[in-house]
Amino acid sequence: MIQEFEHLREDEVQTLLKAPVYVAILIAGADGKIDKTERKEAVDIARAKQSRAREQLVDYYKEVGDAFEQNLNQLITELPDDADERISAITSELRKLNYILPKIDNNFSVKLYASLKELAKKIAEASGGILGYLSVSYEEAKLMDLKMITDPAK
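Residues numbered from 1 in each chain as written. Predicted model: local features only at pLDDT ≥ 70, side-chain atom pairs only at ≥ 80, totals over all residues. Heavy atoms only, no water.

Q: Give me the nonpolar core: which residues, what numbers.
A: Judged by nonpolar contacts, the single largest core of 52 residues is most densely connected at Phe5, Tyr60 and Leu94. Going through the elements one at a time, α1 (10-28), α2 (36-52), α3 (58-78), α4 (83-95), α5 (97-100) and α6 (106-124) are the ones with two or more residues in this core. Residue contributions to this core peak at twelve residues, all from α1. (Core = buried A, V, L, I, M, F, W, Y, C linked by side-chain atoms within 4.5 Å. Buried < 20%, exposed > 50% of the residue type's maximum accessible area, 1.4 Å probe, protein only. Helix = DSSP H or I, 4+ residues; strand = E, 2+ residues; numbered from the N terminus.)

Pasting the structure below:
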């Protein structure tokens, strides 16, 4: 168990562990479809974060990474196919972080929030454009700031 999560309820821990998956699906599906490039990018980023995350987040991403691809595939199947309905459902899940992040170490919360925003940006840039680079759709751009999550640094 991640030290910062020891005093949280199991459902709160699960919300924290699934947050990167929800962010990945939110951004990848913002334009209505989740393509293979975005799925692969999400899985690759999650794997990379297991060793290259901010020091305080390495254990978190190791735990997230172990089930990331399975959770990604499961949630894509369970969430609504309609983009607006899916965005609404994911936004509701991510808003739960506004009640959980204040319960854990602020330094950890700030780093996690920044990391989730970084994940969103990388996934948004994963498809489109020239050779897939530097192209973020309007729909992705609207969501990648993760405004539904209150910045714990403020």
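Q: Mind laying out the packing of aromatic side chains, listing which residues take part and the relevant values?
A: Aromatic ring pairs are reported here in terms of the distance separating the ring centres and the angle at which the planes meet. With the rule as written, the count across this model stands at four aromatic pairs. With a centroid separation of 5.0 Å and 80° between ring planes, the pair formed by Tyr60 and Tyr61 is classed as edge-to-face. Geometrically, the ring pair formed by Tyr60 and Phe108 is edge-to-face, given 6.1 Å between the ring centres and 85° between the ring planes. In this pair, Tyr60 is assigned in helix α3 and Phe108 in helix α6, connecting sequence segments 48 residues apart. (Phe/Tyr/Trp six-rings, centres within 6.5 Å; stacked < 30°, edge-to-face > 60°.)

Q: For the pattern of salt bridges, give the residues involved together with the corresponding values.
A: One pass over the full model with this rule turns up ten salt bridges. Across the pair Glu12 and Arg9 runs a salt bridge whose closest N-O atoms are separated by 3.4 Å. With a relative accessible area of 5%, Glu12 lands in the buried category. Judged by its relative accessible area of 49%, Arg9 falls in the partly exposed class. (Salt bridge = Lys/Arg side-chain N within 4 Å of Asp/Glu carboxyl O.)

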